[in-house]
Every structure is written in structure tokens, then in C-alpha cells.
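Okay, here's what each chain looks like letter by letter:
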Amino acid sequence: MLTKKCPYCENKIDMKYIMKQKHLYTINCPNCHRKIKSTFLSKLIFSLVLLVPILLVDLEGFYTRLGFLLIWILLSLFIIQPIIYNYEKNKKDDF
């Protein structure tokens, strides 16, 4: 299974733990309990992965494609986002 690493303690963070979090922008490491935040680059990549297919769908046959769009958004938010996001130290914790 995919894992991420805590930038503070280098502990592996299991994908199941990440998927159980309320939001993925900042999470707490299960080992050292420090906050880590998602990188700007991973947020940007996720935004492109989410938006490009939505923008490429034309509006002809709108109702038949509405199901595709809803499934794509849910799949992106709950499956693809945790996989794409990488985490870095939270600069607010360093002070």
C-alpha cells in the first residue's frame, strides 16, 4: 500500500490513516503528533487532475455526463487526492 513520510520524525504514514482524516491540507503525524501540511505543488497537481477532465467535457448530452462528473469529483476527492498529496513541515510549528 502507498505510504507517506512525516518530515519531522521520518515515520511512515499509512494511506488508510490519511484517508480517515477530515481534511487533507494539514494532518497530524500518528507517531509524533505534529502537524504537517500538504505542499503547494501537490495541491496544484491535484487541482489540475480534478479540473482538466471537467473542463474537457462538453455540455452536449449534459444529463448523461452529469453522472460522470459527479463520479469523477468523488473519486478525485476521496481516492486521488490522498495519493497525490505530499507533506512538508508546517512552518508555523517551527517558531
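See the structure printed just above.
To start, this report covers the structure provided alongside it. (Residues numbered from 1 in each chain as written. Predicted model: local features only at pLDDT ≥ 70, side-chain atom pairs only at ≥ 80, totals over all residues. Heavy atoms only, no water.)

## Considering a nonpolar patch on the surface
- A surface patch of nonpolar side chains, amounting to about 750 Å² of accessible area, comprises Leu2, Met19, Ile73, Leu74, Leu75, Leu77, Phe78, Ile79 and Ile83.
- If one sorts the elements of the nonpolar patch by residue count, helix H3 (residues 62–84) sits on top with 7 residues.
- Following the sequence through the fold, leucine 2 ends up in the segment before strand E1 (3–5).
- The exposure class of leucine 2 is partly exposed, given its relative accessible area of 46%. (Patch = residues over 30% accessible without salt bridge, like charges linked within 9 Å, V, L, I, M, F, W, Y side chains within 5 Å. Areas by Shrake-Rupley, 256 points an atom, 1.4 Å probe, with all protein chains shown as cover. Salt bridge = Lys/Arg side-chain N within 4 Å of Asp/Glu carboxyl O. Helix = DSSP H or I, 4+ residues; strand = E, 2+ residues; numbered from the N terminus. Buried < 20%, exposed > 50% of the residue type's maximum accessible area, 1.4 Å probe, protein only.)

## Some words on the sheet that holds strand E4 (residues 35–38)
- Across the sheet, 3 strands lie side by side as E3-E4-E5; this open sheet has antiparallel pairing. Lying at the two open borders of the sheet, with one neighbouring strand each, are strand E3 (26–28) and strand E5 (87–89). Geometrically, the sheet is characterised by an average inter-axis angle of 40° between neighbouring strands, direction not taken into account.
- Inspection of the sheet shows E3 paired to E4 by 3 bridges, in the antiparallel sense. Within E4, the residue paired with asparagine 28 across the bridge is lysine 35. (Pairing = 2+ DSSP bridges. Axes fitted to C-alpha atoms, helices over the stretch in contact; angles between N-to-C directions.)

## With respect to the nonpolar core
- If you look at the biggest cluster of nonpolar residues, it comprises 16 residues, and the most contacted ones within it are Cys6, Ile18, Ile36 and Tyr87.
- Only helix H1 (15–19), helix H2 (40–56) and H3 provide two or more residues apiece to this core.
- At 3 residues, the largest contribution of residues to this core is made by H3.
- Other than its neighbours up to four places away in sequence, isoleucine 18 contacts Lys4, Ile13, Leu24, Ile27, Pro82 and Tyr87. (Core = buried A, V, L, I, M, F, W, Y, C linked by side-chain atoms within 4.5 Å. Contact = heavy atoms within 4.5 Å.)

Such coordinate-based values are descriptive only and should not be taken to indicate function.
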